[in-house]
Protein chains: 2
Amino acid sequence: MNGVFVSVTTPETSTLREGAFGPATGLKCRECGATRELGPHYACYDCFGPLEIAYDFGTVTREQIEAGPANIWRYKALLPVPDDIESSPNLEPGFTRLLDARNLAAELGLAKLWVKDDSTNPTNSFKDRVVACALSAAREFGSKVFACPSTGNLANAVAAAGARAGIRTVVFIPSNLETPKQVNSAIFTENLIAVDGNYDDVNKLASEIAGEEDGWAFVNVNVRPFYAEGSKTLGYEIAEQLGWRLPDQIVIPVASGSQLTKVHKAFGELIALGLVEDKPYRVFGAQATGCNPVATAFKDGVDAIRPVRPDTIAKSLAIGNPADGIYVLDIARSTGGGVEEVDDEQIREGIVLLARTEGIFTETAGGTTVAVLKKLVETGQLDPELETVVINTGHGLKTLDAVSGSVGARATIAPTYDAFTAAGIA
Amino acid sequence: MNGVFVSVTTPETSTLREGAFGPATGLKCRECGATRELGPHYACYDCFGPLEIAYDFGTVTREQIEAGPANIWRYKALLPVPDDIESSPNLEPGFTRLLDARNLAAELGLAKLWVKDDSTNPTNSFKDRVVACALSAAREFGSKVFACPSTGNLANAVAAAGARAGIRTVVFIPSNLETPKQVNSAIFTENLIAVDGNYDDVNKLASEIAGEEDGWAFVNVNVRPFYAEGSKTLGYEIAEQLGWRLPDQIVIPVASGSQLTKVHKAFGELIALGLVEDKPYRVFGAQATGCNPVATAFKDGVDAIRPVRPDTIAKSLAIGNPADGIYVLDIARSTGGGVEEVDDEQIREGIVLLARTEGIFTETAGGTTVAVLKKLVETGQLDPELETVVINTGHGLKTLDAVSGSVGARATIAPTYDAFTAAGIA
């Protein structure tokens, strides 16, 4: 692998090199179980259900993982990537901090709380994990363009990863996106394309291009099965960083719902492989009241997700018709967890609470998750005596406007010691 | 250590606990060599020269370091911190990526280039390293307030680290600072104090408060000797991540000059301890033309640094009278390196170059360093055949304005496949 992408059309499976996807053996429909060969496919031929990666892991040991690099490739034996993945140019995301959150635990009355902080990833969100896996797939498929529709974090991650890999990137965004978010993608790519329309319009255009053009890898469309597996690494890292143990409770934000389902899948794989002890754990999902389709279905006790029109400051969670919503419901119910929601004011308070207690500046999605954690404790849905993990998925520098009206200077003084003492700061 | 600070005045040395500063044995004047006991002191009694930490390292092995955590505390045996430092609440900075920069190397015609990327630290700059060491010192001294004068990165790091440690923070900034930079500190602390004046006024006020008030630890004033040692970890990590080797050439930004001198010190310590093989290496400093006192002295072949009034977009490098400038000159000259400068337009180009080649969005300081690297190659000062490391010290999200006029959307299109094909993007 030398980082140069061959410009070919979507290949026949037979053109794939040996071991291109490591332990992955095929694609399998999550709904009907039908199988399909590995390729840039995302929907079942038979029932149009979502395809997932099927594996034959063989034996994987803790020692083997611990001997790997301090990034997600330490788990390459559990991902659809080749054995030489570390030598291909990528952003080397992951192995982010798991912080013992003593102050926040004390504030909320929890016995033991950890924050998994993904804001320190290369482009400052968990998206670097999934994009790294999508990039590997695009490389193996010989894709000539690495692309996505996005409003923020995903665009940053795709544009940056593609730049480093030396593959052409094309990133589609709604034309009314704020300038800072545009800059944070345009800095990496010459091909930031503004689309006159909302995110749904952009997304629809992306699907159309993926269907019409040869050799385009849209990370969250036609290589989505490979992409989504990257979120498993959050689960693997949490378990390893706890000393190869699972937590009792975990709180995860819900946009499409993919991350939550993949963390659950990761925990299941670790148990099946004997890498952690089998034990019960509860999975909780966090949504914003302005985009709460899964939380609503959970509370109503129904299986169907009714789509909503998003209206919340938590824009990275604003998916009104979440693809994996029904699987989130399943997992929350079967593990004894739940799905809860908080409003925009609570989200802002969540951001400030995490910053003031643990020194982490999270984006609105993280504010949502922390505020939901608080609400789960207050309403008795979460057991304060059990060990809990909360995931922070992104960085507050990307959503500054959400809190710029809430915090600021305490005082303005003249540059003299007298002014300092008069202000009563000491 | 439980994160609670005892509210006492600056203590007598006799009140310090056993092992409070690990291998550190005292303070030593860099100019006259006079020694002093460990304490919150920064200037020599005899000659007013800067004080540095003196150590007795004993034996330190690679295995001992490699068994440590994936943060700066893996090097605790080489820092003025206690052996139980990992158990005290801190931001756990460091062990950031060392990226094999193949694209940038090819662009510049270099045989081998690495980027040490400190933009992924907890508050997105190398300042988290130095602040973590200052925090440990403040804790051991029983300081009641953790403080700094700053215009940006340092304020973020102090406010965040103090929040997590549970110590009161007070951060002083010029009152005309941009709102985003204020938010990025105010999110962590109730005590962001705006001062009517420029940075020099703020700095002077901080020194006055440090002298008048008991128990205030100003990280870059009275605990500076401990604080500055944190930059050594950049040097340790580069060597370890290269497989316990030193590079042939290294390019480092110069503000006060402290970071460059400490990386050099780190390399020397590793050689002395037998952790890496002794070999020659060249150290290069990077400055902005709008604040170039050290680069000017280097070119003029003089020993004295003539202070300048800064006027550059690289605000985190804008120190007109750099405290360690003379030591930077010494090191650049004695190692066969140099000190070079670039103007604001070259800095902007450096930011875009690093982003487009390696997927790293750097702040203006990093743009300066990359642009200087380019200039050093072009002018033949740097040998393109030798293995080179360049340090990126901070994140572009903090200095968005520097490039928001330079990059943007390539096209704006209607949300249709026809519009897409008509735009010639495929």
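Scroll up to find the structure this text is about.
Please read all numbers here as calculations on a predicted model, not as lab measurements. (Residues numbered from 1 in each chain as written. Chains lettered and ligands numbered in written order. Predicted model: local features only at pLDDT ≥ 70, side-chain atom pairs only at ≥ 80, totals over all residues. Heavy atoms only, no water.)

Visitor: Would you explain the sheet that holds strand S13 (residues 388-392) of chain A in this entry?
Guide: Backbone hydrogen bonds hold the strands of a sheet together, and the pairing may be parallel or antiparallel. Residue and element names in this part refer to chain A. Within the open sheet, the 6 strands sit side by side as S4-S5-S13-S10-S11-S12. Their pairing is mixed. Looking along the sheet, the strands with just one partner apiece sit at the ends: strand S4 (98-100) and strand S12 (338-342). The average undirected angle you get between the axes of adjacent strands in this sheet is 25 degrees. Bridging between strand S11 (residues 282-288) and S12 involves 5 bridges; their strand directions are parallel. (Pairing = 2+ DSSP bridges. Helix = DSSP H or I, 4+ residues; strand = E, 2+ residues; numbered from the N terminus. Axes fitted to C-alpha atoms, helices over the stretch in contact; angles between N-to-C directions.)

Visitor: Looking at this structure, how should I read the relation of the copies chain B and chain A?
Guide: Take chain B, turn it by 180 degrees, move it 0.0 Å along the axis, and it overlays chain A with an RMSD of 0.0 Å. Look at the turn and shift together and you get a two-fold axis relating the two. In terms of proximity to the rotation axis, the leading residue of chain B is Thr-120 of chain B, whose C-alpha is 2.6 Å off the axis. A symmetric contact is evident, with 100% of the interface residues of chain B recurring at the interface of chain A. (Least-squares fit on C-alpha atoms with pLDDT ≥ 70 in both. Contact = heavy atoms within 4.5 Å.)

Visitor: Would you mind showing me how to read the pairing of strand S10 (residues 249-253) of chain A here?
Guide: The side chains of a regular strand alternate between the sheet's two faces. Taken across its 5 residues, S10 of chain A has 5 buried, putting it largely inside the fold. Side chains Gln-249, Val-251 and Pro-253 of chain A project from S10 of chain A onto one buried face, and the interleaved Ile-250 and Ile-252 of chain A project onto a second face that is buried too. (Buried < 20%, exposed > 50% of the residue type's maximum accessible area, 1.4 Å probe, protein only.)

Visitor: What's the story with the sheet that holds strand S1 (residues 24-29) of chain B in this structure? I'm lost.
Guide: All names here are of chain B. If you walk across this open sheet you meet the 3 strands as S2-S1-S3, and the pairing is antiparallel. Both outer strands of the open sheet, strand S2 (35-36) and strand S3 (51-55), are each paired with one neighbouring strand and no more. In terms of strand pairing, S1 meets S2 through 2 bridges, oriented antiparallel. Within the sheet, the bridge partner assigned to Leu-27 lies in S2 and is Arg-36.

Visitor: What exactly am I supposed to notice about the interface of chain B and chain A here?
Guide: By a widely used convention, the size of an interface equals the accessible area lost when the partners come together. Taken together, the 79 residues of chain B in the interface contact 79 residues of chain A. Here chain B and chain A share an interface that buries about 6,400 Å² over both sides, 59% of which is from carbon and sulfur atoms. Looking at the side of chain B facing chain A, the largest losses of area belong to Arg-164, Ile-187 and Tyr-417 of chain B, adding up to 11% of the total buried there. The interface formed by chain B and chain A contains 2 salt bridges. Run the count over chain B and chain A and you get 34 residue pairs in polar contact (both at pLDDT 80 or more). (Buried area = accessible area lost by both parts, 1.4 Å probe. Salt bridge = Lys/Arg side-chain N within 4 Å of Asp/Glu carboxyl O. Polar contact = N/O pair within 3.5 Å; in protein donor to acceptor, adjacent residues only side chain to side chain.)

Visitor: I keep staring at the nonpolar core and nothing clicks. Help me out?
Guide: Across soluble globular proteins, nonpolar side chains have a tendency to be buried as a group. Within the largest apolar cluster, 122 residues are counted, with the highest numbers of intra-cluster contacts made by Val-251 of chain A together with Phe-21, Phe-146, Ile-187, Val-219, Phe-226 and Ile-250 of chain B. Top element by residues in this core is helix H4 (residues 153-165) of chain B. It accounts for 8 residues. Residue contacts for Val-251 of chain A: discarding those within four places in its chain leaves Phe-284, Ala-286, Thr-369, Val-372, Leu-373, Leu-376, Leu-382, Thr-388, Val-389, Val-390 and Ile-391 of chain A. Of all hydrophobic cores here, the second largest spans 98 residues; its members include Val-130, Val-131 and Ile-305 of chain A together with Val-352 of chain B. (Core = buried A, V, L, I, M, F, W, Y, C linked by side-chain atoms within 4.5 Å.)

Visitor: Looking at this structure, how should I read helix H13 (residues 364-378) of chain A?
Guide: Residue and element names in this part refer to chain A. The terminal C-alpha atoms of H13 lie 21 Å apart, and with 15 residues this matches the ideal 21 Å at 1.5 Å per residue to within 8%. Where H13 is concerned, the buried positions are Thr-364, Ala-365, Gly-366, Gly-367, Thr-368, Thr-369, Val-370, Ala-371, Val-372, Leu-373, Leu-376 and Val-377. Downstream of H13 by one or two residues, Gly-380 has phi in the positive range, about 75 degrees. (Expected span 1.5 Å × (residues − 1).)

Visitor: Sorry, what's going on with the pattern of salt bridges here?
Guide: Opposite charge on two side chains allows them to pair when their charged atoms are near. Applying the stated rule across the entire model yields 56 salt bridges over all chains. For Arg-129 of chain A, the salt bridge identified is with Asp-118 of chain A, shortest N-O distance 2.6 Å. With Arg-129 of chain A in helix H3 (residues 127-141) and Asp-118 of chain A in the loop between strand S5 (113-117) and H3, this pair connects stretches of sequence that are 11 residues apart. For the residue pair Arg-129 of chain A and Asp-118 of chain A, the accessibility class agrees, reading buried in each case. With a closest N to O distance of 3.0 Å, Glu-229 of chain B and Lys-232 of chain B form a salt bridge. Taking the relative accessible area as the measure of exposure, Glu-229 of chain B reaches 0% and is therefore buried. Shared partners join several salt bridges into a network, and the residues in it are Arg-30, Glu-52, Glu-229, Lys-232, Lys-262, Lys-265 and Glu-269 of chain A.

Visitor: Help me out: how do you make sense of the packing of aromatic side chains in this one?
Guide: In this description, an aromatic ring pair is defined by two values, namely the gap between the centres and the angle between the planes. The tally for this structure, following the rule as stated, stands at 26 aromatic pairs over all chains. Members of the aromatic cluster, connected to one another through ring pairs, are Phe-172, Trp-216 and Phe-218 of chain A together with Tyr-417 and Phe-420 of chain B. A cation over a ring is seen here: Arg-30 of chain A above Tyr-327 of chain A, with NZ or CZ 3.8 Å from the ring centre. Its guanidinium or amino end placed over the ring of Phe-95 of chain A, Arg-74 of chain A lies 4.0 Å from that ring's centre, counting from NZ or CZ. (Phe/Tyr/Trp six-rings, centres within 6.5 Å; stacked < 30°, edge-to-face > 60°. Lys NZ or Arg CZ within 6 Å of the ring centre and 35° of its normal.)

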